[in-house]
Amino acid sequence: MRANIHNNIVSGPVEEHIPAHLSYGQFIYDKFKQGGDKIALISAETGESVSYKYILQNSVNLATALRALGLKKGDVVALSSENRFEFTVASLAVIFSGAMLSTLNVTYSPGELTHILKIIKPKFIFSSPIIAQNLYDCSKDLPYVEKIILFGEYDVVPSIFYNDLIKTYVNIDDFQLADVNGAEDTVAVMCSSGTTGLPKGVMLTHINFLTLSAHMKYYLSTSQEQSKKIVKTGLTLIPWFHAYGFITTMATMCMHVEVVFLIRFDEQQFLETIQNYKINMTTIVPPLAVFLAKHPLVTKYDLSSLTEVWCGAAPLSSEIQKMVYKRTGINLIKQGYGLTEVTMACCVDLTGGHKIGSCGTPAPGMKIKVLDIDSGKLLPAGEKGELWIKSPLRMKGYMGDPEASNALIDSDGYVRTGDIGYYDNDGYFYIVDRLKELIKYKGFQVAPAELEAIVLQHPGVADCGVVGLPDEEAGELPVAFVVRQPNVKVTEAEIVQHVAAKMSPAKHLRGGVIFLEEIPKNASGKILRRELKALLLSNKVRKSKL
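Residues numbered from 1 in each chain as written. Predicted model: local features only at pLDDT ≥ 70, side-chain atom pairs only at ≥ 80, totals over all residues. Heavy atoms only, no water.

**Re the pairing of strand β7 (residues 124-127)**
- Neither face of β7 is left uncovered, since the one carrying Phe124 and Phe126 and the one carrying Ile125 and Ser127 both have all their residues buried.
- Note: strand β5 (residues 76-80) against β7, 4 bridges, orientation parallel. Along β7, the bridge assignment pairs Val77 with Phe124.
- Where β7 lies against strand β8 (residues 147-150), 4 bridges are found, and the strand directions are parallel. Bridge pairing in β8 places Phe126 opposite Ile149.
- With respect to chirality, the unit in which β7 leads through helix α5 (residues 129-139) into the neighbouring parallel β8 is right-handed. (Buried < 20%, exposed > 50% of the residue type's maximum accessible area, 1.4 Å probe, protein only. Helix = DSSP H or I, 4+ residues; strand = E, 2+ residues; numbered from the N terminus. Pairing = 2+ DSSP bridges. Right-handed = clockwise from strand over helix to strand, strands pointing away.)

**Observations regarding the sheet that holds strand β17 (residues 344-348)**
- Sheet architecture is open: 9 strands sit in the order β4-β3-β13-β12-β14-β15-β16-β17-β18, paired in mixed fashion. Single-partner strands in this sheet number two, and they are β4 (49-51) and β18 (361-362).
- Where strand β14 (residues 281-284) and strand β15 (residues 308-311) come together, 4 bridges link them in parallel fashion. Counted as the bridge partner of Thr282 is Val309 from β15.
- Where helix α2 (residues 52-68) meets the sheet, its contacts fall on β3 (39-43) and β4, and the angle it forms with β4 comes to roughly 75°. (Contact = heavy atoms within 4.5 Å. Axes fitted to C-alpha atoms, helices over the stretch in contact; angles between N-to-C directions.)

**A few points about empty space enclosed by the protein**
- Applying the stated criterion across every chain yields a total of 3 cavities of 30 Å³ or more.
- What the largest cavity holds in volume is close to 230 Å³.
- Along the wall of the largest cavity there are 18 residues; nearest its centre are Tyr244, Thr248, Gly336, Tyr337 and Ala345.
- Where the lining of the largest cavity is concerned, the elements lending two or more residues are α7 (206-227), α8 (243-253), β15, β16 (334-339) and β17.
- Class assignment of the residues belonging to the lining of the largest cavity gives a composition of 13 nonpolar, 5 polar and no charged. (1 Å grid on protein atoms, 1.4 Å probe; cavity = no way out; pocket = protein on both sides within 12 Å on 5 of 7 lines; lining within 4 Å. Points joined across faces, edges and corners; volume = space filled by probe spheres on them. Nonpolar A, V, L, I, M, F, W, Y, C, P; charged D, E, K, R; others polar.)

**A word on the packing of helix α9 (residues 267-276) against helix α10 (residues 286-294)**
- Two elements in contact, α9 and α10, have axes whose closest approach is 12 Å; the angle formed by their N-to-C orientations is 80°. Classed by the angle they form, the pair α9 and α10 counts as roughly perpendicular. Two secondary-structure elements touch here, α9 through Glu267, Phe270 and Leu271 and α10 through Leu288, Phe291 and Leu292.
- Looking at the contact of α9 with α10 residue by residue, the class counts come to 5 nonpolar, no polar and 1 charged. (Parallel < 35°, antiparallel > 145°, perpendicular 65-115°, else oblique.)

**Thoughts on the environment of Val455**
- Counting through the fold element by element, Val455 comes out in helix α13 (residues 448-455).
- Distance from Val455 to Ile495, taken between C-alpha atoms, is 6.9 Å for residues 40 residues apart in sequence.
- Those residues in contact with Val455, other than ones at most four positions away along the chain, are Val461, Cys464, Val482, Ile495, His498, Val499 and Leu509.

**A short note on the state of the cysteines**
- Tallied over the entire structure, the rule returns 0 disulfides.
- Left unpaired, Cys359 is separated from the closest cysteine sulfur, that of Cys347, by 4.6 Å.
- With a relative accessible area of 1%, Cys359 lands in the buried category.
- There is no disulfide at Cys464, and the cysteine sulfur nearest it, in Cys311, is 16 Å away.
- A residue is classified by how much of its surface remains accessible, and Cys464, at 1% relative accessible area, is buried. (Disulfide = S-S within 2.5 Å.)

**Some remarks on unusual backbone geometry**
- With a phi angle near 50°, Lys278 is a residue other than glycine that sits in the positive phi range.
- Looking at the secondary structure, you find Lys278 in the loop between α9 and β14.

**What about the packing of aromatic side chains?**
- All told, the structure shown has 18 aromatic pairs when counted by the stated rule.
- Between Phe151 and Tyr162, the ring centres sit 5.2 Å apart and the planes meet at 90°, which makes this aromatic pair edge-to-face. Residue Phe151 is found in the loop between β8 and β9 (160-161), and its partner Tyr162 is found in helix α6 (residues 162-165); the two are separated by 11 residues along the sequence.
- Ring centres of Phe265 and Phe291 lie 5.2 Å apart, and the angle between their planes is 85°; on these two criteria the pair is classed as edge-to-face. Taken together, the residues Phe265 in the loop between β13 (258-261) and α9 and Phe291 in helix α10 connect sequence positions 26 residues apart.
- Ring-pair connections join several aromatic residues into one group, and the members of that group are Tyr24, Phe27, Phe85, Phe87, Phe209, Trp240, Phe246 and Phe261.
- Above the plane of the ring of Trp310 lies Lys334, whose end atom (NZ or CZ) is 5.9 Å from the centre.
- Over the ring of Tyr414 we find Lys369; its NZ or CZ atom is 4.2 Å from the centre of that ring. (Phe/Tyr/Trp six-rings, centres within 6.5 Å; stacked < 30°, edge-to-face > 60°. Lys NZ or Arg CZ within 6 Å of the ring centre and 35° of its normal.)

Pasting the structure below:
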């Protein structure tokens, strides 16, 4: 994508106009109807597959049943489940009904669940058995929650069964979707931490989703034209309850790409799935790129079918990108950047490798500016600061929290991202890290992601997370938590020396190295640095100052 830089503001190409009356539900209904008997989804675990017609038929049946139970336009329906066929059907049924879909993380603690349920106030909750008890306990005393609808066949908690609701056949052609105003009506409430704190409910409109779907089609079409290779099969591993997983999977299905899904990441199964189904495209997160770059199991599988690998959710270093290519032959991993508050994809690298390390240029209709962290001054190319984004993809707001919504948006309509980065003279962006995760060493700003990328270059390191250790004299000292490669006895001194040889003095691992069995991460693959910080500040691990 070509970018335009004017007065230190970087703009993407002109946005294609989408009429405000359009419905995302109608868009999906039409696309799935066109899909007919073509396979839409395949479970990698079981090998079971379903067609577009099957999904659409069950979605229409379920939507009709939900309306009979009292669901109406403007109601909220929560959905908490691992990736499974019912997830897609339930999502579409809610959207077809004009209600608002809110997908909840299956790993939420009772405190997080209670917090978000009180914000979204769902009428119904769809639940997988793995989280049903938690959801029941947190919602049983909430007056607005009328029913839990359970996937599966076992009566885990007081509920009604999804399987019973889809039994009654409804003619697809006779079904009437709810009438919506695409620009004003919320189609989904996606969970985000915002820039800080507990989950917030991000309200996204039908136009937000339609615009993102148009962008996804544009990205994939452009990339296929460049590579001269057609994408027929995709692999989705990112949890669908996460905005990244849900939106990209739905957009891919609407392009009639056959989608294979995994419930969880298992090293062998992930590689076998790519090999056996000849996967052409997948979306990943940086830890998966590290796995491809370093794990010994990877070279035992044929991954040559992969022509499109897209990475998001956190910064991916150019070093890891190069290592994956050298080791597997997978062409450039296309890095993207986005946030839930701007309907995910804000930038995608479509250069084919000319700007390795970049997450690309702004999406159509998007403007991005970089502001100095301390002064708020508008910065030119090459200078690092906080990214602010203006786009038709901007959220409607945080549900039930207008103050937080207003605090996130400036007078010109730009959304504060909380991310640190810069752009080059061609308008390509490079993400450094999260503002709140920067380490301050004697006045210098040290990005954990940058140090992690360097540590991961060491052949004895399998995974890494970096945080700051509070220090009275220096402010904070960088500390690396490291997972060793199997059967490798790399030492703390070796890693410290490795970093010192490549980085400026302020970025040395003066807080030392701590070895762990596993780096804690959330469902979308982001390193949970707050957990590493808590571990560091406890007495459970050794702390050393160098």
